[in-house]
Amino acid sequence: MTMQPFAPLGRDLAHRGQTCSYSPGDTPDTDCPAGATWHILWTADLDAGLACDPHMLVARERFVFVDSHPVGSDCAMPGAHWDFDSKRCVHPDEPAVEAAAAGRTVPKEA
């Protein structure tokens, strides 16, 4: 048996709130009911998911992923963008998104 380092992405779920998207068996009966504390960018194709603390530990131990950050108010919201520099999600009308698109960094407020 060969080890597969990439996470099985499972079924595509509509936004179901800020709950963990871990689901062994990939069925509604096995969905984790815990609140999400982490937002994970699984692939460069922008496949993302949410995880609670225990399932984030599992993801870190078992899988390769592009990036992660603590869940914020903009995570999993339609139209939000992943801000790699600030380690958060932002809306397109925020200066950080415009700067990221232009390839520059937004200075942090003091």
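For the structure, see preceding data.
Conventions used here
For every chain, the first residue of the written sequence is number 1, and numbering continues from 1 along that sequence. Only residues with pLDDT of at least 70 are given local features in this predicted model, and only at 80 or more are side-chain atom pairs given and counted; all residues enter the totals for whole chains, interfaces and linings. Think of the side-chain values as coming from all heavy atoms in the structure, minus any hydrogens and water. Here, a salt bridge means any side-chain nitrogen of Lys or Arg that lies within 4 Å of a carboxyl oxygen of Asp or Glu. Numbering of helices and strands runs from the N terminus, with a helix taken as a DSSP run of H or I at least four residues long and a strand as a DSSP run of E at least two residues long. Throughout, exposure labels follow a simple rule: accessible area from a 1.4 Å probe, protein chains only, divided by the maximum for the residue type, with under 20% read as buried, over 50% as exposed, and the rest as partly exposed. Working definition: a ring pair exists when centres of Phe, Tyr or Trp rings (six-membered ring for Trp) sit within 6.5 Å. Plane angles under 30 degrees give stacked, over 60 give edge-to-face, the rest tilted.

**Quick word on the pattern of salt bridges**
Argument step 1. Counted by the stated rule, this structure contains 1 salt bridge.
Argument step 2. Between aspartate 67 and lysine 87 there is a salt bridge, with its nearest N and O atoms 2.3 Å apart. Taken as a pair, aspartate 67 in strand S3 (residues 67-70) and lysine 87 in the loop between strand S4 (81-83) and strand S5 (88-90) lie far apart in primary sequence, 20 residues in all.
Argument step 3. Relative accessible area serves as the criterion here: at 9%, aspartate 67 is assigned to the buried category.

**A word on the environment of alanine 80**
Argument step 1. Mapped onto the fold, alanine 80 is located in the loop between S3 and S4.
Argument step 2. In this structure the C-alpha to C-alpha distance between alanine 80 and aspartate 93, which are 13 residues apart in sequence, comes to 9.5 Å.

**Here's the deal with the packing of aromatic side chains**
Argument step 1. Counting across every chain of the model gives 3 aromatic pairs.
Argument step 2. Ring geometry for tryptophan 42 versus phenylalanine 63: centroids 6.0 Å apart, planes at 85°, classification edge-to-face. One end of the pair, tryptophan 42, is in the loop between strand S1 (38-41) and strand S2 (48-51); the other, phenylalanine 63, is in the loop between helix H1 (53-62) and S3, and 21 residues separate them in sequence.
Argument step 3. Owing to a relative accessible area of 16%, tryptophan 42 belongs among the buried residues under this scheme.
Argument step 4. Here phenylalanine 63 falls in the buried class, since its relative accessible area comes to 17%.
Argument step 5. Taking 6.3 Å as the distance between ring centres and 45° as the angle between the ring planes, the aromatic pair formed by tryptophan 82 and phenylalanine 84 counts as tilted.

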